[in-house]
Amino acid sequence: MTTDLATSDPATATHAAPPPLAEPSGWHEIRLTVNGAPVTAQVESRLLLSDFLRDRLRLTGTHVGCEHGVCGACTVLVDGEPARSCLTLAVQCAGAELRTVEGLAPGDAPLTPVQRAFHECHGMQCGFCTPGFVMTATALTEQPQRPDAADVADALSGHLCRCTGYRNIRRAVCQALDERFADGPAGRGE
Amino acid sequence: MSHGPSHAPQQPAPDGGPWTGRPVPRVEDDRLLRGNGRYVDDVALPGAAEAAFLRSPHAHARIRSVDVTAALAAPGVVAVWTGADVAHLPAMLNREELRTPPGLAELLDPYVAITPMPLLATDKVLYVGQPVAVVLAENRYLAEDALELVDVRYAPLPVLVDPDRALTEGAPLLHDDLRDNTAVAVATNVGDPDAAFASAHTVVSEEFQAHRYVASPIETRAVSAQVDPYSGELTVWSNTQTPHRVREATAHTLGLDPERVRVIATDVGGGFGQKGILYVEEMLVPYAARVLGRPVLWREDRNENLTASSHAREQIHRIELAADAEGHLLAVRDRITVNFGAYNMTGLVVPYNSVCHLLGPYRVPHVDIDVVGVLTNTTFATPYRGAGRPESVFAMERAMDRLAAELGLEPAELRARNLVGPDEMPYATGLVDRSGKPQSYDSGDFPELLRRAVAKADLEGVRARQREGGRDGRLVGIGFAMYIEATGLGPFETARIDIAPSGRVKLAIGAPSQGQGHRTSMAQIAADAIGVPFDAVDVVGGDTSATPFGVGTIASRALVNAGNATHRAGRLVREKIIEAAARRLGVPADGLDLREGVITAKDAEKPALTLAELAGRAPLPGTPEPTDGRHGTELSETVHFRPPGFAVSSGAHAAVVEVDEHTGETEILHYVAVHDAGVIVNPMIAEGQVTGGIAQGIGGALYEEMIYGPDGQPRTGTYMDYLVPTSSEIPDLDLDEIHTPSPMNDLGVKGLGEGGAIAPQAVLANAVEDALRPFGVVVRRGPLSPSRVRDLLRAAGRPTTAR
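Small disclaimer: the values here were computed from a predicted structure and weren't measured. (Residues numbered from 1 in each chain as written. Chains lettered and ligands numbered in written order. Predicted model: local features only at pLDDT ≥ 70, side-chain atom pairs only at ≥ 80, totals over all residues. Heavy atoms only, no water.)

K.L.:
Would you mind going over the interface of chain B and chain A with me for this structure?
P.N.:
Quoted interface sizes are often the accessible area lost when the parts come together. The interface is formed by 71 residues belonging to chain B together with 64 residues belonging to chain A. Here chain B meets chain A over a buried area of about 5,600 Å², counting both sides, of which 54% is carbon and sulfur. Residue Glu-687 of chain B is joined to Arg-171 of chain A by a salt bridge in which the shortest nitrogen-to-oxygen separation is 4.0 Å. Across the contact surface, chain B and chain A share 31 residue pairs in polar contact (both at pLDDT 80 or more). When contributions to the side of chain B that touches chain A are tallied by element, the ones reaching two or more residues are helix H1 (29–33), helix H5 (140–147) and helix H19 (683–702) of chain B. In terms of residue count, the dominant contributor to the side of chain B that touches chain A is H19 of chain B (nine residues). (Contact = heavy atoms within 4.5 Å. Buried area = accessible area lost by both parts, 1.4 Å probe. Salt bridge = Lys/Arg side-chain N within 4 Å of Asp/Glu carboxyl O. Polar contact = N/O pair within 3.5 Å; in protein donor to acceptor, adjacent residues only side chain to side chain. Helix = DSSP H or I, 4+ residues; strand = E, 2+ residues; numbered from the N terminus.)

K.L.:
Which parts of the structure should I look at to understand the domain arrangement of chain A?
P.N.:
All names here are of chain A. Taken as a whole, chain A is organised into domain 1 (2–103) and domain 2 (113–180). Domain 1 puts 17 residues into the contact, and the matching count from domain 2 is 14 residues. Taken together, the links from domain 1 to domain 2 amount to one salt bridge. For Glu-142, the salt bridge identified is with Arg-99, shortest N-O distance 2.7 Å. Taken together, domain 1 and domain 2 are joined by five residue pairs in polar contact (both at pLDDT 80 or more). Secondary structure elements with two or more residues in the side of domain 1 that touches domain 2: strand E3 (75–78) and strand E4 (81–84). Per element, the largest residue contribution to the side of domain 1 that touches domain 2 is three residues, and it comes from E3. (Domains from an automatic or database assignment.)

K.L.:
Where do I start with the pairing of strand E6 (residues 131–137) of chain B in this structure?
P.N.:
All names here are of chain B. Burial analysis of E6 places seven of its seven residues in the buried class, which makes it a mostly covered element. Across six bridges, strand E1 (residues 49–55) lies against E6 in antiparallel orientation. The partner of Ala-52 across the bridge, within E6, is Val-135. The sheet contact formed by strand E3 (residues 77–82) and E6 spans five bridges and is antiparallel. Each residue of the ladder has a partner; that of Val-77, found in E6, is Ala-137. (Buried < 20%, exposed > 50% of the residue type's maximum accessible area, 1.4 Å probe, protein only. Pairing = 2+ DSSP bridges.)

K.L.:
Please explain the domain arrangement of chain B as it appears in this structure.
P.N.:
All names here are of chain B. Looking at the assigned domains, one finds that chain B contains domain 1 (16–46 + 219–269 + 275–309), domain 2 (315–489 + 644–795) and domain 3 (493–641). For domain 1 and domain 2, the distance between their C-alpha centres works out to 33 Å. Facing the 17 residues of domain 1 at the interface are 20 residues of domain 2. The junction of domain 1 with domain 2 conceals about 1,300 Å² of combined surface from both sides, 68% of it contributed by carbon and sulfur atoms. Contact with domain 2 buries area across many residues of domain 1, yet Ile-277, Leu-306 and Thr-307 alone supply 40% of it, more than any other trio. Summed over the shared surface of domain 1 and domain 2, the result is zero salt bridges. The interface formed by domain 1 and domain 2 holds five residue pairs in polar contact (both at pLDDT 80 or more) in total. Tallied by class, residues from the side of domain 1 that touches domain 2 come to nine nonpolar, five polar and three charged. (Nonpolar A, V, L, I, M, F, W, Y, C, P; charged D, E, K, R; others polar.)

K.L.:
Hey, could you run me through the sheet that holds strand E1 (residues 27–34) of chain A in this one?
P.N.:
Whether parallel or antiparallel, the strands of a sheet pair through hydrogen bonds between backbone atoms. All names here are of chain A. Read from one edge of the open sheet, five strands run E2-E1-E5-E3-E4, paired in mixed fashion. Unpaired on one side and paired on the other, strand E2 (37–44) and E4 mark the two borders of the sheet. The sheet shows a mean angle of 40° between the axes of neighbouring strands, direction not considered. Here E3 runs beside strand E5 (residues 97–99); their pairing, made up of two bridges, is antiparallel. By the bridge assignment for E5, Leu-77 is matched with Arg-99. Set on the sheet, helix H1 (residues 49–56) makes contact with E1, E2, E3 and E5; between it and E2 the angle comes to about 110°. Helix H3 (residues 130–141) rests against E3, E4 and E5 of the sheet, and its axis sits at about 35° to E3. (Axes fitted to C-alpha atoms, helices over the stretch in contact; angles between N-to-C directions.)

K.L.:
Sorry, what's going on with the sheet that holds E6 of chain B here?
P.N.:
Residue and element names in this part refer to chain B. With mixed pairing, seven strands are arranged side by side in an open sheet as E3-E6-E1-E13-E10-E11-E12. A single partner strand is all that each edge strand has here, and the edge strands are E3 and strand E12 (261–264). The sheet shows a mean angle of 20° between the axes of neighbouring strands, direction not considered. As judged from the four bridges shared by strand E11 (residues 234–238) and E12, these two strands associate in the parallel manner. Bridging from a neighbouring strand, Thr-235 pairs with Arg-262 of E12. On top of the sheet, helix H8 (residues 243–254) reaches E11 and E12; it is set at about 145° to E12, its chief contact.

K.L.:
Got a minute to help me understand the packing of aromatic side chains in this structure?
P.N.:
A ring pair, where both rings are aromatic, is described by two values, the distance of the centres and the angle of the planes. All names here are of chain B. Applying the stated criterion to the full structure yields 12 aromatic pairs over all chains. Relative to Tyr-343, the ring of Tyr-127 has its centre 6.5 Å away and its plane inclined at 85°; by these criteria the two rings are edge-to-face. Separated by 216 residues along the polypeptide, Tyr-127 in the loop between strand E5 (124–125) and E6 and Tyr-343 in the loop between strand E15 (329–341) and helix H11 (349–357) bring together distant segments of the chain. Given the relative accessible area of 1%, Tyr-127 is considered buried. Ring plane angle 45° and centroid distance 5.8 Å describe the contact between Tyr-427 and Tyr-441, whose orientation is recorded as tilted. Note that Tyr-427 is positioned in strand E17 (residues 427–432) and Tyr-441 in strand E18 (residues 438–441), a separation of 14 residues in sequence. Tyr-427 gets classed as buried once you look at its relative accessible area, which sits at 11%. (Phe/Tyr/Trp six-rings, centres within 6.5 Å; stacked < 30°, edge-to-face > 60°.)

K.L.:
What exactly am I supposed to notice about the side chain of Ser-224 of chain B here?
P.N.:
By secondary structure assignment, the location of Ser-224 of chain B is in strand E10 (residues 222–227). The class of Ser-224 of chain B is buried, set by a relative accessible area of 1%.

K.L.:
What should I look at first to understand the state of the cysteines in this one?
P.N.:
What is meant by a disulfide is a covalent connection between two cysteines, made through their sulfur atoms. All names here are of chain A. Using the criterion set out here, one finds zero disulfides over all chains in the structure. Free cysteine Cys-66: the closest other cysteine sulfur is in Cys-71, separated by 3.9 Å. Cys-126 takes part in no disulfide bond, and the closest cysteine sulfur to it belongs to Cys-163, at a distance of 3.8 Å. With relative accessibility at 7%, the residue Cys-126 sits in the buried group. (Disulfide = S-S within 2.5 Å.)

K.L.:
Whenever I open this one, the nonpolar core confuses me. Can you help?
P.N.:
Grouped burial of nonpolar side chains is what soluble globular proteins tend to show. Counting residues in hydrophobic clusters, the biggest one holds 206 residues, and the most contacted among them are Phe-118 of chain A together with Leu-321, Tyr-671 and Leu-764 of chain B. In terms of residue count, the dominant contributor to this core is helix H12 (residues 389–407) of chain B (nine residues). Residues in contact with Phe-118 of chain A, not counting those within four places in the same chain, are Gly-123, Met-124, Thr-130, Phe-133, Val-134, Ala-137, Ile-169, Ala-172 and Val-173 of chain A together with Leu-33 of chain B. Within the second largest apolar cluster, 46 residues are counted, among which are Met-522, Val-532, Phe-534 and Ala-565 of chain B. (Core = buried A, V, L, I, M, F, W, Y, C linked by side-chain atoms within 4.5 Å.)

K.L.:
Even after reading the chapter, I still don't get the packing of H12 of chain B against helix H13 (residues 411–418) of chain B, so can you show me in this structure?
P.N.:
A pair of packed helices is characterised by two quantities: the angle between their axes and the separation of those axes. All names here are of chain B. Put simply, H12 and H13 touch, their axes get as near as 9 Å, and they point 110° apart. Here H12 lies roughly perpendicular to H13, going by the angle between them. The residues of H13 that touch H12, namely those facing Glu-397, Met-400, Asp-401, Leu-403, Ala-404 and Leu-407, are Pro-411, Leu-414, Arg-415 and Asn-418. For the contact of H12 with H13, the class distribution of residues is six nonpolar, one polar and three charged. (Parallel < 35°, antiparallel > 145°, perpendicular 65-115°, else oblique.)

Here it is as structure tokens:
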């Protein structure tokens, strides 16, 4: 059973024994960092990163919308870069530093400027695609220089939202970038 | 990209005025933004088996044999069931949707074929994607491995994809017990249409086709179920829009009392109608949980969602308009064909919506509408945001533009000449509405909607640009479309309010949210009705254990029904609170007021009493004990709101587009939507609903199509070929609104969840045709993809040219 592998606390998620029903293609031990905490886990070679995060680590904030790399709902940051966790195998993340939506404002910490902007601009409705957008927007705000309008449009076009019509998502990302780059290097405008 | 937030955060303390009407920020967001959503697949069910469905690869075939031996032996497989294994369970019917309202039955005598769907196919499969077997395994990987080992032998049968062909004499039958492939049929008349056509100055006859596309929520469908080992209660987590209906159907299927089944729909990742019907998977997962004695989870993949969850929109309209020399409509005749797919899932809902929304905001004295629903070897079609309205609006509004061209009139002017006026409200169309009563538009100001749309879209300016001529093969066009939407479908919705001992208010409603923000907007209504702070209200929706009855969030009905149920329950609880406080304080009830959770005497002599003190947690020292035992939880009310009639929303959309003659690409330069949904409870949420609806409409107008080959094979089964628009395709919209309160309910609200999605296909088709007018192009179907626009130009004799 998948849950034999999982614990709710990634920091203590060390799993030596494979579950009783491993698929035949073999197991690998991987060590990686998830939201700042070290994780060691046994994973099947075909296990998707999205399933590893959701089913094994119980980090269910990363959502799976299409499982073929189009909708972007499953986007996480792998070594700071947005990646589709549904097109990434868990074994590929050995040694990587992973960040998911749960890591942005853990516990009762205040929402990050990106998260707050999605709330204030009503850039979300059902919330299912939101973590993916938030992770991509977070990566945009972490660039050394303000990304230009074309870069932002390009990044957002990697995500599908069926509820909002996108306008308020664009506003939210713009607000977060305004806040982040208010005193920093001038961007080329939105 | 525009700057800044659209709505400043709302401070929690209002200025004493009502919460209704304020853009209160959503209480849902914080949790969702932290990754703490609770969608079906997020619910931890230790030890759950996972289900995977084997689906038919054939559009029409007999099942000769099914061999599950190899699959059963595969690693991790717990069970494999075929149609024979579950044939003892009743086949599935969407009973509520298939019921013909008595008034409609009496007046129009519609035909409705009943086609129960077996939980797993037994002798025949009727569409690609129909469930044939289910594998239950330790996890989804192993379940899907085993699917490949189920050996099914099929004998293919002739395939029907085209509804016209399916109705021809001698066409193969999908359902052997039916006389033909008709799913529904109904006809209606007003006045003397034949005479009106005979005497008309101008008649236009056209055939328009609304193409098939799908809801495509980003969260696919999912169901899990568990039998509680202590209570024996069956708990079902389903991302349904109608949890009480799932409860009834599950109880019926499994032979249980409905009270022994609890259906929970917490966070739902978009529904748009696709999650508003019952599905066989929804019945089989709880069944499996009971048989296996362990939790069971099924999560649909995207290919399954696109090909095998419900489809929508495919209709053919053979429409005729008769007009006098000034363009006044004399009569409308329409022969509507609806492709139902393989099963009649929802009866008259979509076809009859098409009938009673065809005339829209226009005054039409003579009417002749005939609709037939046809069974074909495609995935079943059910309501999707707009539910029959976008299809009819496409036909009617396209026909209006053809009529305007015929008469040499400006299309907006033709519309203006035919609008029902605000002084004519309530306006009777002469048709019968969906509930079987004479159709009545309760309120609205259609001319004002059109005036604003024409002004905002700058019709004169666009015409001036057109006279200057297109540059570099880029042609500008403008289009308009108007609609009405009968919202707030009954029969009822339930709200239950309990004042907790702490003074907090628990509001339970039968209508769950799929992103509409009910926890915010319903709390606004409750806070106003009772007289408590907004943040003292906790809203529970989508849990059948919280309200005894409920219908759901479909058909633009939640705000009208659940909102008014909440309002009434709130007012009744408020009365109870004040009466209880009067007893406690020993003063007459009419001398007390309740605001922001504090009860005060108007003469200011008596001390104020908080709701918490009254509700029993902290009785005031020195006050007499209640002698009748009524305190604390006595402060409760359950209300079923039954709408007396439809609250009619309306809108006028306009689009200015630029069509590239060489590439066939359509760019939206300006999109205007003016809508009327009566009183607005939360303008921020309302704007989001309208915007999202329009985005889905633009998707259908320009990009999205669920395509079948003649062999019944779906050709757009992934997001690589089924094109949901991204941020790059949806421009910022230019929105405006008017407010004519509905007299049908205390709050004056009208539904607006679907409205945005109704007009875009028509308005963009009208705009593209207007742009291509120099070439004599007529747009008869969508989506207006670059290749289809190029086809139209080629057909009009415009040569393919390289730029």
